[in-house]
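# An overview of the molecular structure
One letter stands for each residue in the lines below.
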Amino acid sequence: HGLMIRVKSRAKSAKKDVITNQETAMKPSINKIKAGLAIFLIAIFSGCGSGVVYDETVDFDAAGWHKDNPAIFNVNITDTAKVMDVGFTFQHSKGYPYSNLWLFLTVEGPGNLSVRDTLELYLARPDGSWLGRKRGDVLEISALYQHDVKMAQPGEYRFTVIQGMRRDLLPNISSVEFWIQDGSK
């Protein structure tokens, strides 16, 4: 289950970060295996149990995920003191033609807040074997986007995820789940 995600941020407003602890974002590291192991351990120990703050899934049709079909998640945050983990779970089939998935994530929130991140999610190991859990013919992989973060202000936040592969229609991606759960105390 080694999971790796790479993040590049570009803020579009004077307020640079939706999330007040931006330093916790996963960035490219020299040793990607250690980074992947750390994310995996965080995901295992934090679990998606009773501490779920938000959880929603967007399913794509059988043809796949079109670049013009963003997955949009609207989250109302009331408690800015709460420490949270933010992440994604993707489902794809073995027929997915790539070992990675590029994503464009835009986060918009109170006070004209706008942050855009470019994420690369690794779906397979260098030898081509798939990462994640196998559920029948479907593979499921979760990635922690932000760990132990607090939102800057209470209010409505919109998380928009667009597939950023160089292909209009990305086959064999069946869904994206966006989740926020209680972080460590």
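Right, let's walk through the structure included here. (Residues numbered from 1 in each chain as written. Predicted model: local features only at pLDDT ≥ 70, side-chain atom pairs only at ≥ 80, totals over all residues. Heavy atoms only, no water.)

### A closer look at the overall build of the protein chain
As a reminder of what qualifies: A run of DSSP states H or I qualifies as a helix once it reaches four residues; a run of E qualifies as a strand once it reaches two. Both are numbered from the N-terminal end. Here's how the labels work: a residue is buried when its accessible area is under 20% of the maximum for its type, exposed when over 50%, partly exposed in between, all with a 1.4 Å probe on protein chains only. A contact between two residues is defined here by any heavy atoms of the two lying within 4.5 Å. Calculation of accessible area relied on Shrake-Rupley with a 1.4 Å probe; when residues are assessed, cover is drawn exclusively from the protein chains displayed.
The helix and strand inventory of the protein chain stands at one helix and 12 strands. The 185 residues of the protein chain split such that 44% are buried. Considering only intrachain contacts with a sequence separation of at least 6, the fraction spanning at least 24 residues in the protein chain is 82%. About 9,300 Å² of surface is accessible on the protein chain, with carbon and sulfur atoms providing 53% of the total.

### Quick look at the environment of Ile 173
Looking at the secondary structure, you find Ile 173 in strand 12 (residues 173-182). Once you skip the residues sitting within four places of it in the chain, Ile 173 turns out to touch Phe 60, Gly 64, Trp 65, Gln 91, His 92, Tyr 96 and Leu 101.

### Topic: the pattern of salt bridges
Our working rule: Take a side-chain nitrogen of Lys or Arg and a carboxyl oxygen of Asp or Glu: if they are within 4 Å of each other, that pair is a salt bridge.
Tallied over the full model, the rule gives four salt bridges. Across the pair Asp 68 and Lys 67 runs a salt bridge whose closest N-O atoms are separated by 3.3 Å. Overall, Asp 68 belongs to the exposed group, its relative accessible area being 56%. Residues Glu 140 and Arg 133 are paired through a salt bridge, measuring 2.5 Å at the closest nitrogen-oxygen approach. Here Glu 140 falls in the buried class, since its relative accessible area comes to 11%.

### With respect to unusual backbone geometry
Even without a glycine there, the phi angle at Asn 112 is positive, about 55°. Residue position: Asn 112 is located in the loop between strand 6 (100-109) and strand 7 (113-122).

### Points about the packing of aromatic side chains
Here is the rule we go by: For Phe, Tyr and Trp, where Trp contributes only its six-membered ring, two rings pair if their centres lie within 6.5 Å, and the inter-plane angle classes them as stacked under 30 degrees, edge-to-face over 60, or tilted in between. The rule is short: NZ of Lys or CZ of Arg within 6 Å of the ring centre and within 35 degrees of the ring normal puts a charge over the ring.
Enumeration over the complete set of coordinates arrives at 10 aromatic pairs. Centroid distance Phe 73 to Phe 178: 5.3 Å. Interplanar angle 25°. Geometry classified as stacked. Separated by 105 residues along the polypeptide, Phe 73 in strand 4 (residues 71-77) and Phe 178 in strand 12 bring together distant segments of the chain. Of the two residues, Phe 73 and Phe 178, both sit in the buried class. Taken together, the ring pairs in this structure connect Tyr 54, Phe 60, Trp 65, Phe 73, Phe 88, Phe 90, Tyr 145, Phe 159 and Phe 178 into an aromatic cluster. The side chain of Arg 116 reaches across the aromatic face of Phe 104, ending 4.7 Å from its centre.

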